[in-house]
Amino acid sequence: MFVDEAVVAIKAGDGGNGCSSFRRLKYEPMGGPNGGNGGKGGDVVLCCDENVGDLRSYYFKPNWRAKNGEPGRGKEQHGRGGADLDLKVPPGIQVTSELTGNMVAELTKHGDRVVLLKGGSGGLGNLTFKSSVNQSPRKFTVGEVGEEGRFQFVLKTIADVGLVGYPNAGKSSLIDLVTEAHPKTAAYPFTTLHPVVGVIEYPDKYERLYMADIPGLVEGAHENKGLGHRFLRHIERCRMLLIVLDMAGVDGRHPWDDYENLLEELRLYKPALALKPFLVAANKMDEDEAAENLQRFGKKFSVPVLPISCLTEEGIKDLIKALPQKMSDEGTERYCPADTLTSGPSGS
């Protein structure tokens, strides 16, 4: 089970109360105040950890609380401070306050730390209030209450390459071929219900790329149809996109129509997505109509296309080589705007 959303109720620790106490010794009839201060409540700290994959810990345990500070005691003993509560979260998380709706934290790098809620200060014991004019103070203060709130945790997958395409275009088969990730594949759509991240190794260059298999998009995804927003938000943090098209066509659809529709969904969801570097992978080139459809696609769009087949592994090695080259290009081509399409009816 992959969990990329969770609503969590969190509370920082309360400060311990101060103590009002006096020395009571046989040979010190005039013993003075000796009440100690209370300890500080523990803070709530978000810790970005690349070893955490999703938010299931917070989905199944939605209530978290830091330790309270201990109260002060006599004999000038101060209370121990409450331990901080370190919440480990995956890279790419956004934290939003349910009360205000504002984003209060965002962690993207391993090792990042953010204090989400501060613990309450400890109360003062009567020893603190002793002065030349007040030798026997009985005053003390209680500890402050720690901050608390309800927060929405939202995970946006971080990867170098994001696979974008319609259901059953072959994204899962592709990531299964080029990485050690093995998502579920089958001859029906929506076999992938959550993002899957795999690693492409380049031993000769001592490099690696992280590839994310984003679940298939459908028309109206920008309006949150299906699981639109839950899928689209994982594309935002990818350095480049690999658009996987079924070049053989399926269910009466054509690859050029799929391409236009995918671009439109990305633009309508967030225009900045249309500025990311990209490549097009023309999948299923082993099928009969794929070669003819690829020629028609090339006439309509002036975009970089790599013909591949996940069944025969045709073009897979070329695709692996092309990915780091595309990301390193300074003058990277962008998506083809709608007004640059060649004239003529769709499919001609």
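I will try to describe carefully the structure that is included in this document. (Residues numbered from 1 in each chain as written. Predicted model: local features only at pLDDT ≥ 70, side-chain atom pairs only at ≥ 80, totals over all residues. Heavy atoms only, no water.)

Before going further, it helps to spend a moment on the nonpolar core. In terms of nonpolar packing, the biggest core is built from 26 residues, with Ile-235, Ile-243, Leu-245, Tyr-259, Val-280 and Phe-297 touching the most fellow members. Of all the elements in the fold, those that place two or more residues in this core are β12 (240-246), α4 (255-269), β13 (278-283) and α5 (290-300). Here this core takes five residues from α4, the largest share from any one element. Sequence-distant contacts of Val-280, defined by excluding residues within four places in its chain, comprise Leu-242, Ile-243, Leu-245, Tyr-259, Phe-297, Val-303, Pro-304, Val-305 and Leu-306. Leu-46, Cys-48, Leu-87 and Phe-151 belong to the second largest nonpolar core, which has 24 residues in total. (Core = buried A, V, L, I, M, F, W, Y, C linked by side-chain atoms within 4.5 Å. Buried < 20%, exposed > 50% of the residue type's maximum accessible area, 1.4 Å probe, protein only. Helix = DSSP H or I, 4+ residues; strand = E, 2+ residues; numbered from the N terminus. Contact = heavy atoms within 4.5 Å.)

This part takes up the pairing of strand β6 (residues 103-107). As paired elements, strand β5 (residues 93-97) and β6 share four bridges and run antiparallel to each other. In the sheet register, Gln-94 faces β6, and the bridge partner there is Glu-106. Between the antiparallel neighbours β5 and β6 lie five residues, among them Gly-101 with a positive phi of about 80°. (Pairing = 2+ DSSP bridges.)

So, about the environment of Lys-284. In this fold, Lys-284 is placed in the loop between β13 and α5. With 23 residues separating them along the chain, Lys-284 and Pro-307 place their C-alpha atoms 8.3 Å apart. Non-local contacts of Lys-284, meaning those with residues more than four positions away in its chain, are made with Asn-168, Ala-169, Asp-246, Ala-248, Ala-290, Ile-308 and Ser-309. For Lys-284, the side chain forms a polar contact with the side chain of Asp-246, separated by 3.3 Å. (Polar contact = N/O pair within 3.5 Å; in protein donor to acceptor, adjacent residues only side chain to side chain.)

The next point concerns the packing of helix α2 (residues 171-178) against helix α6 (residues 316-328). Interaxial distance between α2 and α6 falls to 11 Å at its minimum, and their mutual angle equals 80°. On the basis of their axis angle, the class for α2 and α6 is roughly perpendicular. In this structure, α2 contributes Leu-174, Leu-177 and Val-178 to the contact, and α6 contributes Ile-316, Leu-319 and Ile-320. Of the residues belonging to the contact of α2 with α6, the class tally is six nonpolar, no polar and no charged. (Axes fitted to C-alpha atoms, helices over the stretch in contact; angles between N-to-C directions. Parallel < 35°, antiparallel > 145°, perpendicular 65-115°, else oblique. Nonpolar A, V, L, I, M, F, W, Y, C, P; charged D, E, K, R; others polar.)

Right, let's talk about the packing of α4 against α5 for a bit. Their axes nearest at 9 Å, the elements α4 and α5 cross at an angle of 45°. Regarding the angle of α4 to α5, the classification is oblique. In this structure, α4 contributes Pro-255, Trp-256 and Tyr-259 to the contact, and α5 contributes Asn-293, Arg-296, Phe-297 and Lys-300. Of the residues assigned to the contact of α4 with α5, the class counts are four nonpolar, one polar and two charged.

Moving on, we come to the sheet that holds strand β11 (residues 207-213). On the basis of which strands lie adjacent, the open sheet formed by six strands has the order β10-β11-β9-β12-β13-β14 and mixed pairing. The open sheet is flanked by β10 (196-202) and β14 (305-307), the only strands paired with a single partner. Strand-to-strand twist in this sheet, taken as the mean axis angle between neighbours without regard to direction, amounts to 25°. Looking at chain direction, β13 and β14 are connected through three bridges and run parallel. When the sheet's bridge partners are listed, Ala-281 is paired in β14 with Leu-306. Sheet contacts for α2: β9 (161-164), β10, β11 and β12; angle to β11, the most-contacted strand, approximately 155°.

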